[in-house]
Amino acid sequence: RVLVGTKVDEKHANWVTAYNMLTGIRVSVSRTNAKLDRDLTDADFEAKQKSTFDIAGNELVPSAKYDFKFKDYAPWVFRHLRRLFRLDPADYLMSLTGKYILSELGSPGKSGSFFYFSRDYKYIIKTIHHAEHKFLRKILKDYYQHVTNNPNTLLSQFYGLHRVKMPYGKKIHFVVMNNLFPPHRDIHQTFDLKGSTVGREYKEDDLGTNSRATLKDLNWLRRQQHLEFGLHKKKLFLEQLQKDVALLQRLKIMDYSLLVGIHDAQRGNEENLRGKTLRVFNPGGSAPEEHEQPHSVLMRTPSKLETQRKARELRQMIKSERPVPMGETGSQMPDELGEGQNRPGFVFNQDDGGFRATHEDNSPADEIYYLGVIDCLTHYGIIKKLEHFWKGFSNDRHQISALPPQEYGERFFNFISGITMSPEEAARAAQEKDAA
Ligand code: ATP
Ligand code: CA
Ligand code: CA
């Protein structure tokens, strides 16, 4: 049985929130992008821009369906980040524009975050805690520097940081980031790996109905799975991972994981019916018993012409500094899934948007891996220290997940490099271990 991910339409409880999020993004992103590009200044990292939306509108803010306040954080920094990640401004707006554009994913996990997919499935909006929001602003310069120096970073790609507030409502902070998984390929297996074994298991008994749950470290180990890259790719991957982890350690971040999606070309795209993409996710990540069944998202492919026309219009508007009109997007808004998802120039997206598995002899294998380090905004703050303190009584100290950031990073990297090998290599390593 497959559950269809909740389409966010007028009847959905979070429709107004989602609608306002997108309206705010559209207006603020087109506002920033309409200006002539310039170099960043220190002030850009602290900047925030507030807009008040209402039915009336004014010369700066177009009229909106609902009353709400919107804050755009460090708009110029994110504009530059989007360029570093080579997003086309018009495409970005298009993906995040349109009426019924979002799918909401599952019930909130341990963290309470909500996940929304853009209609074309390229982007994820994740609501984040105020503490995560403050922390991202604090580390934004380090992050920006890191992305500049490491265009192939495996870390989550942040494209925007915003806040929305409805009358009498709470402030909702959210980020826009890359969906690691491609719209056009089935992902046959998903793993969320931290390098910890305590509680890192998806009960495989539950798998019967659902072969696409997000599995964890223990499931991976039990299956004796490996990331097969051959020597060259392995080196590229581990070198980048090491640099990324070093940054996370320096910024005292922990609790992140390597998300691994595996597409098996042998199995192909059974569920990727023509004109439809079926995808399953298990958002919230944490203990499976806290979650309902992972959800799938059903989407339709629109006409190409429609997409191209819309893109032209948007480019025109951006050029002419005219704010993109509201409510004009209607249901004919394109949700083109795009041709492949090759991201030219990005090492880990070079094979159909992912990184192809490779045998030891460098011949290509059947799997394509979609890889990235996610959930990297948890600062090793007081809560984690407490958790560490309490858990430290009962479990092996190095196995629990709330280690200090330095150790967390080491354990994480050791785990991932330990599983990055061919079956032949793994067999040799096991032999050596036996001999010793
Ligand atoms: P927790 O703190 O309890 O782990 P969280 O709410 O912070 O949960 P994440 O760990 O960020 O959530 O993500 C949960 C799950 O959502 C992941 O295991 C993965 O399945 C999916 N997910 C998150 N980010 C992405 C992404 N960028 N691309 C694809 N899938 C993602
Ligand atoms: Ca997580
Ligand atoms: Ca989290």
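These notes cover the structure that comes with them. Only a predicted model underlies this, so the values are computations on that prediction, with no experimental measurement involved.

What the rule picks out here adds up to 15 salt bridges. One salt bridge in this structure joins R222 and E201, with 2.6 Å as the shortest N-O distance. A residue pair is termed long-range when its members are at least 10 positions apart, and R222 in helix α6 (residues 217-222) and E201 in the loop between β9 (189-193) and β10 (214-216) qualify at 21 residues. Of the residues examined, R222 reaches a relative accessible area of 47% and is grouped as partly exposed. A salt bridge links K233 to D351; the shortest N-O distance between them is 3.6 Å. With K233 in helix α7 (residues 230-250) and D351 in the loop between α8 (304-319) and β14 (355-358), the pair connects residues that are 118 residues apart, well separated along the chain.

The next thing to look at is the packing of aromatic side chains. Within the structure shown, the criterion is met by 19 aromatic pairs. Seen from their ring centres, Y92 and Y123 are 5.2 Å apart, and the 80° between their planes marks the pair as edge-to-face. Taken together, the positions of Y92 in helix α4 (residues 89-95) and Y123 in strand β6 (residues 123-128) put the pair 31 residues apart, joining distant regions of the chain. The exposure class of Y92 is buried, given its relative accessible area of 1%. On the basis of relative accessibility, which here comes to 5%, the residue Y123 falls in the buried class. One aromatic cluster is present, formed by F229, F237, F348, F355 and Y369 through successive ring pairs. Above the ring of W76, the side-chain terminus of R38 is found at 4.2 Å from the ring centroid.

Rules of the game
Along each chain, residue indices are assigned from 1 in the same order as the chain's sequence is written. Here every chain gets a letter starting at A, and every ligand a number starting at 1, in the order they are written. Reporting in this predicted model follows two pLDDT cut-offs: at least 70 for local features of residues, and 80 or more for side-chain atom pairs to be given and counted; totals over whole chains, interfaces and linings ignore these cut-offs and use all residues. Values shown for side chains rest on all heavy atoms present in the structure; no hydrogens or waters enter the calculation. A pair is scored as a salt bridge if a Lys or Arg side-chain nitrogen falls within 4 Å of a carboxyl oxygen belonging to Asp or Glu. Segments assigned H or I by DSSP are reported as helices when at least four residues long, segments assigned E as strands when at least two residues long, and all are numbered from the N terminus. Exposure categories follow from relative accessible area, calculated using a 1.4 Å probe and restricted to protein chains: below 20% of the type maximum is buried, above 50% is exposed, and the middle band is partly exposed. Note on aromatic pairs: the rings of Phe, Tyr and Trp (six-membered ring only in Trp) are paired at centre separations within 6.5 Å, and the planes decide the class, stacked below 30 degrees, edge-to-face beyond 60, tilted for the rest. Charges are assigned to positions over rings by a cutoff of 6 Å between ring centre and Lys NZ or Arg CZ, combined with an angular limit of 35 degrees from the ring normal.

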